[in-house]
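# An overview of the molecular structure
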Amino acid sequence: MPQDRIYRAGASIEDYCRACKLDRIHTVIAVDGAGRPVRVACDNCRSEHNFRGGARMAVSGAPAAATPAPRRQPAAGEPFPIVSDRERITPAMTASSDDLELLLRRIIREEAGITPAVPAEKWRGGTLVLRPGAGGQEKSWPIETFFHKIVMVRNRLRTLEQQVNASDLADDVKVKLQSYVSGCYGSLTSFNVLFADAADQFKGSGGDQER
């Protein structure tokens, strides 16, 4: 860990995960007054533990890893990538070859129902924080991670609606199931603030956006 770097909750850092028994990318949960990580969560297995000082498993005789290229920030109007660099568990491949890890992760993510969606600009680089009202350890995630989960819920509801409409169920059963789906959309309209495009947002009964 660079000695002069200041971290904050939601930042990514490499540390040793005892559950995975490997060096993994972790998300910083808490820092001390000097900006040093105190508590982290493994991005792979989600286990939380005190920060252990960084990566441990150096390979004897192995050449030093090439410095990865700086991550390009999405420009205004671009969707978040379906798979982010912070999820990586293996070194980046060279620019002249396809990055197999990110390719496989993207295919799996797309099959699971995630499609690109453009976030509102004010949320880029942001952090979602859950702070207990009675004290205790707060929990935080990058907005990008939370946004992907919301998009997945939206896409799966749309798929469910399509399946209901195409089914051989009786009309009264279809109407009842569609009303449940519409109710889910209405309950999720609070998250419309995350989307830049109205076409990506949740809509309640009758297509009206609720707030």
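Our subject in this report is the structure included herewith. None of the values given here were measured: they were computed from a predicted structure. (Residues numbered from 1 in each chain as written. Predicted model: local features only at pLDDT ≥ 70, side-chain atom pairs only at ≥ 80, totals over all residues. Heavy atoms only, no water.)

### Here we look at the packing of aromatic side chains
- Applying the stated criterion across every chain, the model contains four aromatic pairs.
- A ring pair is formed by F146 and F191, whose centres lie 5.6 Å apart and whose planes are at 65 degrees; its orientation type is edge-to-face. Remark: F191 occurs in the segment after α3 (171-187) and F146 occurs in helix α2 (residues 143-166); sequence separation between them is 45 residues.
- When the ring of F147 is compared with that of F195, the centres are 5.1 Å apart and the planes differ by 50 degrees; the resulting orientation is tilted. One end of the pair, F147, is in helix α2; the other, F195, is in the segment after α3, with 48 residues separating them in the sequence. (Phe/Tyr/Trp six-rings, centres within 6.5 Å; stacked < 30°, edge-to-face > 60°. Helix = DSSP H or I, 4+ residues; strand = E, 2+ residues; numbered from the N terminus.)

### What about the nonpolar core?
- Counting residues in hydrophobic clusters, the biggest one holds 11 residues: A117, F147, I150, V151, L157, V181, Y185, L188, L194, F195 and F202.
- If one sorts the elements of this core by residue count, α2 sits on top with four residues.
- Counting six residues, the second-largest nonpolar core is a separate cluster that includes Y7, A11, I13 and V40. (Core = buried A, V, L, I, M, F, W, Y, C linked by side-chain atoms within 4.5 Å. Buried < 20%, exposed > 50% of the residue type's maximum accessible area, 1.4 Å probe, protein only.)

### Regarding the pairing of strand β1 (residues 12-17)
- Pairing geometry for β1 and strand β2 (residues 22-31), over six bridges, is antiparallel. Bridge pairing in β2 places Y16 opposite D23.
- The loop that links β1 with its antiparallel partner β2 comprises four residues; one of these, K21, has a positive phi angle of about 60 degrees. (Pairing = 2+ DSSP bridges.)

### Some thoughts on the sheet that holds strand β4 (residues 48-50)
- Across the sheet, which stays open at both edges, the four strands sit in the order β1-β2-β3-β4 with antiparallel pairing between neighbours. Edge positions in the sheet fall to β1 and β4, since each has one partner strand and no second. Pairs of neighbouring strands in the sheet enclose a mean axial angle of 45 degrees, with direction left out of account.
- Bridging between strand β3 (residues 37-42) and β4 involves three bridges; their strand directions are antiparallel. Bridging from a neighbouring strand, V40 pairs with H49 of β4. (Axes fitted to C-alpha atoms, helices over the stretch in contact; angles between N-to-C directions.)

### A look at a nonpolar patch on the surface
- Together, L100, L103 and L104 make up an exposed nonpolar region whose accessible area comes to about 250 Å².
- Locating L104 in the fold gives a position in helix α1 (residues 100-111). (Patch = residues over 30% accessible without salt bridge, like charges linked within 9 Å, V, L, I, M, F, W, Y side chains within 5 Å. Areas by Shrake-Rupley, 256 points an atom, 1.4 Å probe, with all protein chains shown as cover. Salt bridge = Lys/Arg side-chain N within 4 Å of Asp/Glu carboxyl O.)

### As for the pattern of salt bridges
- The full count for this structure, using the stated rule, is five salt bridges.
- Of the charged contacts in the structure, one is a salt bridge between D32 and R36, with a shortest N-O distance of 3.1 Å.
- One salt bridge connects E138 with R131, and the closest N-O pair in it is separated by 3.0 Å.
- For E138, a relative accessible area of 21% translates into the label partly exposed.
- Looking at R131, the relative accessible area reads 63%, which means it is exposed.

### Describing α2
- A rise of 1.5 Å per residue sets the reference length of α2, with its 24 residues, at 34 Å; its end C-alpha atoms lie 35 Å apart and thus fit the reference within 8%.
- Every buried residue belonging to α2 is among I143, E144, T145, F147, H148, I150, V151, R154, N155, L157 and V164, and all of these are buried. (Expected span 1.5 Å × (residues − 1).)

### Comments concerning the packing of α2 against α3
- Here α2 crosses α3 at 170 degrees, and the two axes come no closer than 10 Å. On the basis of their axis angle, the class for α2 and α3 is roughly antiparallel. With respect to the hand of their crossing, α2 and α3 are arranged in left-handed fashion. Of the residues in α3, those touching α2 at R154, L157, R158, L160, E161, V164 and N165 are K174, L177, Q178, V181, C184 and Y185. (Parallel < 35°, antiparallel > 145°, perpendicular 65-115°, else oblique. Left-handed = near helix turned anticlockwise from the far one by under 90°. Contact = heavy atoms within 4.5 Å.)

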